[in-house]
Amino acid sequence: MITIALEKIDFMPPDRVTDDASILTLKNLVLEPMLRWENGAARPGLFDRWHLSGDGRHWTLTLRDGAAYHDGTPVTADDARRFIASICDARDMFGMPWSYARYLEGAEITADGSILSIATPDVFPDLPDILSEFYLPKIAADGNATIGTGPWQVVAFERGASVTLRHSDGRELRLVAMPDAEARLQALSAGDIDVATHLERLEPPRRSLDCHVWHEQPTTLSVIAYMNGREGAFADPVLRRAANLAIDRKTLISEVMGGLGVPAKTIVSPFHNGMADEMPDIPFDPERAAALVAASDAPKTIALRTPLYMPERAPEIAGFIAKSLEAVGFAVTIDTARDRPGYARELGAKKAGDLAIFDSSPHSTFRVLDDKISSRSRAVWWQGVEDHEADQLFETARRTVGAGARAEAYARVLAHLGAHPHWLYLFHPIDCMAHAAGLDGFSLDPKGYLNVA
């Protein structure tokens, strides 16, 4: 029996959507996504074969041969059809509506045995990105969504406390909830547990642990500050550029995050579809930034909003941003929000001040651009920046059927957004995990969850 400490232990209702890495760890062990996602591309999951018609509107997906739930019940494509119908009305952990219904509006979804067919009104080659977020569960007798098709089966479950999993080869895992990072570290050091996750939460940050194996993994998460593009300073694209030039991202990561971050180059992470190694860095150029600020007629007074957490160390990040912007000619005041769910709802209602620290979690380039950038979609997280060139580049990319050509088209969008920023791009966090020496088969996924071989 190997014991693993996570921040949380829970299985959400089937139609509940979350980005919480502990919950995703459990989902990936016990359940399976309809398709997997890796470095911007779809991989086989519960469905191991799929085909897109030449017109880009008709998808046919086939279940893995012999796919069955842990109780022996066969999986059918109709299970997936009904699940998609229910999750289109899902809300996130803050009660905010997700965009699945909008993506699939007007789609005809049918099932025949092991075949799932999805016909969309318009070209939708990025549909696998969406299906990679859908995990197909079955409800157990106790009412919990703990019966899946994944490699590990639930043996015992106490919500909020622990879960015991058994592999088909007889191995067992016990996962326990330890919300405090320091408690996880102490338990690992004492030998009470074998694996401790999310040690990037430690204060102060650390990069190693004596007598243990330390893992670090850059993630798909983007720590950013939304810019109000409707009014004020950042309605001016010149000042959006100036603010990005004013940030020394390497120093921010070093001083605030203890080195646990990768500088952002554009609106998404290095793992997203369309990201290329040759994407240029955003330069730290305070002299150029100051010149742009001085030449602009737009307001220079900035209201910077920050939560207390999500992202981690948000108040400290806000302090760094304020000093950096003041150094090039802005006047900054910081407004700290203590109600994190309320803060998210306010940003969704476009109450972001001039700058609002937040994070961008979708691993799909399509989702980031459609939810947050497109002034044609004007979705929940769009903050009012209108950039017609970005819109046109995105419309071209999202309708390009060939995978290679679509990646190249997305690369053009991302390069444009790096040079003409809509947000204040900051960094991509690095997650940390440690385990006892001698253990094999544990790794971190770029999406933040723990993989067990």
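Colleague: Just to check I follow, could you spell out the overall build of the chain for this structure?
Modeller: From N to C terminus, the chain includes 13 helices and 20 strands. Taken against the 2.2 N^0.38 rule, which gives 22 Å for 453 residues, the C-alpha radius of gyration of the chain at 22 Å falls within 12% of a compact globule. Across the 453 residues that make up the chain, the buried fraction comes to 55%. Excluding contacts between residues fewer than 6 apart, the proportion of contacts in the chain whose partners are at least 24 apart in sequence is 69%. For the chain, the exposed area adds up to about 17,900 Å²; of that, 50% sits on carbon and sulfur atoms.

Colleague: When you look at the packing of helix 11 (residues 365-372) against helix 13 (residues 403-419) in this model, what are you seeing that I'm missing?
Modeller: Angle between the axes and distance between the axes: these two values describe a pair of packed helices. Contact pair helix 11 / helix 13: the axes reach a minimum separation of 11 Å and the direction vectors enclose 50°. One element, helix 11, and the other, helix 13, form an angle in the oblique class. As helix 11 packs across helix 13, the resulting crossing turns out to be left-handed. Facing helix 11, whose interface residues are Thr365, Phe366 and Leu369, helix 13 presents Tyr410, Val413, Leu414 and Leu417. Split by residue class, the contact of helix 11 with helix 13 holds 6 nonpolar, 1 polar and no charged.

Colleague: Please explain the sheet that holds strand 6 (residues 108-112) as it appears in this structure.
Modeller: Hydrogen bonds between backbone groups are what pair the strands of a sheet, and the pairing can be parallel or antiparallel. If you walk across this open sheet you meet the 4 strands as 4-5-7-6, and the pairing is antiparallel. Each edge of the open sheet carries a strand with a single partner, namely strand 4 (47-52) and strand 6. The average undirected angle you get between the axes of adjacent strands in this sheet is 15°. Bridging between strand 4 and strand 5 (residues 58-63) involves 5 bridges; their strand directions are antiparallel. What sits directly across from His51, in strand 5, is Thr60. Sheet strands touched by helix 2 (residues 77-87): strand 4, strand 5, strand 6 and strand 7 (115-119). Its angle to strand 6, the strand with the most contacts, is close to 155°.

Colleague: Whenever I open this one, the environment of Thr219 confuses me. Can you help?
Modeller: Of note, Thr219 is situated in the loop between strand 12 (212-218) and strand 13 (222-227). Of the residues examined, Thr219 reaches a relative accessible area of 4% and is grouped as buried. Setting aside its immediate chain neighbours within four residues, Thr219 contacts Ser269, Phe271, His428, Pro429, Asp431 and Pro446. Side-chain polar atoms of Thr219 contact the backbone oxygen of Pro429, separated by 2.8 Å.

Colleague: Explain the nonpolar core here, please?
Modeller: One broad rule of soluble globular proteins: the nonpolar side chains tend to lie buried together. In this structure, Met34, Phe47, Ile84, Leu131, Phe134 and Ile267 are the most contacted members of the largest nonpolar core, which totals 63 residues. With residues up to four places along the chain from it excluded, the contact list for Phe47 reads Met34, Leu35, Leu61, Thr62, Leu63, Arg64, Ala80, Ser114 and Leu116. Among the nonpolar cores identified, the runner-up in size contains 36 residues, and Ala225, Ala243, Leu304 and Ile321 belong to it.

Colleague: Would you mind showing me how to read the packing of aromatic side chains here?
Modeller: Between two aromatic rings, the relevant description is the distance of the centres plus the angle of the planes. Taken as a whole and assessed by the stated rule, the structure comprises 14 aromatic pairs. Measuring from centroid to centroid gives 6.1 Å for Phe366 and Phe394, while their planes differ by 40°, and the two rings are tilted. With Phe366 in helix 11 and Phe394 in helix 12 (residues 388-398), the pair connects residues that are 28 residues apart, well separated along the chain. Neither Phe366 nor Phe394 differs from the other in exposure class; each is buried.

Colleague: Looking at this structure, I do not really get helix 2. What am I missing?
Modeller: In an α-helix there are 3.6 residues to a turn, and that puts residues three or four apart on one side. Three or more residues of helix 2 are buried, namely Ala77, Asp79, Ala80, Phe83, Ile84 and Ile87. Taken end-on, helix 2 shows its buried residues confined to a sector of 150°, consistent with a single buried face. Contacts made by the buried residues of helix 2 are with strand 4, strand 5, helix 3 (100-103), strand 6, strand 7 and helix 4 (127-131).

Colleague: For this particular structure, what's the right way to read the state of the cysteines?
Modeller: Simply put, disulfide is the name for a covalent bond between the sulfur atoms of two cysteines. Applying the stated criterion across every chain yields a total of 0 disulfides. Free of any disulfide, Cys211 has its nearest neighbouring cysteine sulfur in Cys432, separated by 18 Å. The exposure class of Cys432 is buried, given its relative accessible area of 0%.

Colleague: Looking at this structure, I do not really get the side chain of Thr306. What am I missing?
Modeller: Within the secondary structure layout, Thr306 lies in strand 15 (residues 301-307). A relative accessible area of 0% places Thr306 in the buried class.

Colleague: Quick question: what am I supposed to make of the packing of helix 12 against helix 13 here?
Modeller: Between helix 12 and helix 13, whose axes approach to 8 Å, the crossing angle comes to 165°. When the axes of helix 12 and helix 13 are compared, the pair comes out roughly antiparallel. When the axes of helix 12 and helix 13 are compared, the crossing they make is left-handed. Across from Glu389, Ala390, Leu393, Phe394, Ala397 and Arg398 in helix 12, the residues of helix 13 making contact are Arg406, Ala409, Tyr410, Arg412, Val413, His416 and Leu417. Classifying every residue of the contact of helix 12 with helix 13 by side-chain character gives 8 nonpolar, 1 polar and 4 charged.

Colleague: Please clarify how the pattern of salt bridges should be interpreted in this entry.
Modeller: In this structure the tally under the stated criterion is 32 salt bridges. One salt bridge in this structure joins Arg81 and Asp78, with 2.6 Å as the shortest N-O distance. You can see Arg81 and its partner Asp78 sitting in helix 2, 3 residues apart, about one turn around the helix. Judged by relative accessible area, which is 28%, Arg81 ranks as partly exposed. Since its relative accessible area comes to 29%, Asp78 is described here as partly exposed.

So, how was this worked out
- Residues numbered from 1 in each chain as written.
- Predicted model: local features only at pLDDT ≥ 70, side-chain atom pairs only at ≥ 80, totals over all residues.
- Heavy atoms only, no water.
- Helix = DSSP H or I, 4+ residues; strand = E, 2+ residues; numbered from the N terminus.
- Rg over C-alpha atoms; globule rule 2.2 N^0.38 Å.
- Buried < 20%, exposed > 50% of the residue type's maximum accessible area, 1.4 Å probe, protein only.
- Contact = heavy atoms within 4.5 Å.
- Areas by Shrake-Rupley, 256 points an atom, 1.4 Å probe, with all protein chains shown as cover.
- Axes fitted to C-alpha atoms, helices over the stretch in contact; angles between N-to-C directions.
- Parallel < 35°, antiparallel > 145°, perpendicular 65-115°, else oblique.
- Left-handed = near helix turned anticlockwise from the far one by under 90°.
- Nonpolar A, V, L, I, M, F, W, Y, C, P; charged D, E, K, R; others polar.
- Pairing = 2+ DSSP bridges.
- Polar contact = N/O pair within 3.5 Å; in protein donor to acceptor, adjacent residues only side chain to side chain.
- Core = buried A, V, L, I, M, F, W, Y, C linked by side-chain atoms within 4.5 Å.
- Phe/Tyr/Trp six-rings, centres within 6.5 Å; stacked < 30°, edge-to-face > 60°.
- Arc of directions from axis to C-beta.
- Disulfide = S-S within 2.5 Å.
- Salt bridge = Lys/Arg side-chain N within 4 Å of Asp/Glu carboxyl O.

These results come straight from atomic positions and should not be treated as a statement about function.
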